[in-house]
Amino acid sequence: MNKIPILMDCDPGHDDAIAIILALSSEKLNVLGITTACGNQTIEKTTKNAQGICEFLGRRDVPVAQGRKAPLLTPVYTAGIAHGESGLDGPQLPEPAVPLQEESAVVFMARKLEESGEPVTLVPTGPLTNIAVLLLCYPHLIQKIDRIVLMGGSVVSGCSGRGASEFNIMVDPYAADIVFTSGIPIVMMGLDVTNFTTIGFDEKEKFRRAGRVGALVADLADYFGRGFEMVGWCGVPVHDACTIAYLIDPTLFTMREMNVRIDLSGEFTMGSTVGDSYGVEGREANALVGLASDRERFVELLLGAGAGAEKGAGRNEQNSGLN
Ligand code: BDR
Ligand code: CA
């Protein structure tokens with residue numbers, strides 16, 4: 001089977017961590033590396049968390065490179081309220097034994113694109129800072145990017161506290177604008193679909209019984225779920241894992257093509273993803289937007305990931321040692 005080569009750019013973050021677990025457990029994906037973004041916590045913390053997840057999974061073969069310290073033009077804005085002081089409060093992760101890549105995230109991604117014999121899919125699940133800088137600094141590599149499958153935005157509703165914007169886009173709206181106007185095909189998994197793609201609170205026990213990786217997913221869901229449980233949700237949204245689930249099995253999702261623009265001037269809506277959902281404005285579509293998911297099948301996929309990760313199903317033979 002031809003694996004899809006991907007580069008993950010993330011800010012772990014509980015749901016980013018679950019996305020990493022799902023990606024590294026899948027026989028369909030070839031994870032060329034993980035780069036980190038400043039988002040849910042400072043760059044040092046999200047980087048340590050990404051390394052800790054790889055270490056927990058015994059995946060020292062997956063290179064991790066650290067991204068930029070701050071959004072392009074706006075101040076650092078973190079989400080300790082949702083992800084805790086460490087960015088991944090709750091489960092205890094091992095200290096990473098493998099050093100970071102010496103290259104920065106952007107230089108690392110550029111090298112991986114240069115080296116790849118086939119176009120690579122970028123999977124950002126945090127603010128889009130690194131991806132925007134990559135596109136600006138290495139325009140000749142745009143042709144090596146197959147598509148960008150991102151978690152961010154919402155075309156119907158928002159939850160950032162700033163009008164209708166979603167956290168990842170709100171944190172670095174200028175970076176998002178660069179990405180959405182790049183001409184690269186975009187798959188946008190926003191809150192429209194991710195808020196409903198949940199692990200039910202009554203399903204966590206199933207995960208706990210599914211081995212040590214399943215138990216980690218349950219622990220991650222425990223911490224990240226607290227706030228949602230308090231306000232009456234039935235489960236914890238696994239936002240970022242929707243990107244990886246889409247790549248593994250696109251039939252899990254209902255998608256619609258549309259034009260999406262980033263609001264860069266609204267006093268209360270800065271960073272909103274304005275989707276022309278019904279094509280009334282006649283603007284050319286630039287994104288395939290997730291609108292609904294088959295939640296039960298998504299949960300089955302995640303449950304299988306625990307077992308897959310234990311077997312090392314997603315191990316990439318070419319990624320032996322540091323590269
Ligand atoms: C996004 O914000 C972050 O807190 C999550 O990791 C996810 O990427 C959801 O709005
Ligand atoms: Ca994230």
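These numbers were taken from a predicted model, which means no experiment stands behind them.

Chemist: Before we go on, may I ask you to explain the site of ligand 1 in this structure?
Modeler: Taken together, Asp 15, Asp 16, Asn 40, His 83, Thr 125, Met 151, Glu 166, Phe 167, Asn 168, Leu 191, His 239 and Asp 240 form the complete shell of residues around ligand 1. Within the side chain of Asn 40, one N or O atom sits 2.7 Å away from an oxygen atom of ligand 1. In isolation ligand 1 offers 280 Å² of accessible surface; the protein chains occlude 94% of this area. For the shell around ligand 1, the secondary-structure elements that each account for two or more residues are α1 (14-25) and α6 (167-171). The residue makeup of the shell around ligand 1, split by class, is three nonpolar, five polar and four charged.

Chemist: How should the packing of helix α5 (residues 129-137) against helix α7 (residues 173-180) be read in this particular structure?
Modeler: Relative orientation and spacing of two packed helices are given, respectively, by the angle between their axes and the distance between those axes. Orientation of α5 relative to α7, taken along the N-to-C sense of each, is 50°, at an axis distance of 8 Å. In terms of axis orientation, α5 runs oblique to α7. Our pair here, α5 against α7, has a crossing hand that is left-handed. Between α5 and α7, the contacting residues are Thr 129, Ile 131, Ala 132, Leu 135 and Leu 136 on the first element and Ala 175, Ile 178 and Val 179 on the second. Each residue belonging to the contact of α5 with α7 can be placed in one class, and the counts come to seven nonpolar, one polar and no charged.

Chemist: I tried to follow the sheet that holds strand β12 (residues 287-293) on my own but got confused; where do I start?
Modeler: Read across the open sheet, the eight strands follow the order β3-β2-β1-β4-β5-β6-β12-β9; overall the sheet is mixed. Pairing within the sheet leaves two strands with one partner each, and these edge strands are β3 (64-65) and β9 (253-258). As defined by bridge partners, strand β2 (residues 29-36) adjoins β3 across two bridges and the pair is classed as parallel. In the strand pairing of β3, Thr 35 is matched with Ala 65. Sheet contacts for helix α2 (residues 43-56): β2 and β3; angle to β2, the most-contacted strand, approximately 150°.

Chemist: How do you make sense of the packing of aromatic side chains when you look at a structure like this?
Modeler: Two aromatic rings, taken as a pair, are described by how far apart their centres are and by the angle between their planes. In total, this model carries four aromatic pairs according to the counting rule given. When the centroid spacing of 4.8 Å and the interplanar angle of 55° are considered together, the rings of Phe 228 and Trp 233 count as tilted. By relative accessible area, which is 17% here, Phe 228 ends up buried. Measuring from centroid to centroid gives 6.3 Å for Tyr 246 and Phe 253, while their planes differ by 55°, and the two rings are tilted. By the burial criterion, Tyr 246 is buried, and Phe 253 matches it.

Conventions and cut-offs
Residues numbered from 1 in each chain as written. Chains lettered and ligands numbered in written order. Predicted model: local features only at pLDDT ≥ 70, side-chain atom pairs only at ≥ 80, totals over all residues. Heavy atoms only, no water. Near = heavy atom within 4 Å. Polar contact = N/O pair within 3.5 Å; in protein donor to acceptor, adjacent residues only side chain to side chain. Areas by Shrake-Rupley, 256 points an atom, 1.4 Å probe, with all protein chains shown as cover. Helix = DSSP H or I, 4+ residues; strand = E, 2+ residues; numbered from the N terminus. Nonpolar A, V, L, I, M, F, W, Y, C, P; charged D, E, K, R; others polar. Axes fitted to C-alpha atoms, helices over the stretch in contact; angles between N-to-C directions. Parallel < 35°, antiparallel > 145°, perpendicular 65-115°, else oblique. Left-handed = near helix turned anticlockwise from the far one by under 90°. Contact = heavy atoms within 4.5 Å. Pairing = 2+ DSSP bridges. Phe/Tyr/Trp six-rings, centres within 6.5 Å; stacked < 30°, edge-to-face > 60°. Buried < 20%, exposed > 50% of the residue type's maximum accessible area, 1.4 Å probe, protein only.

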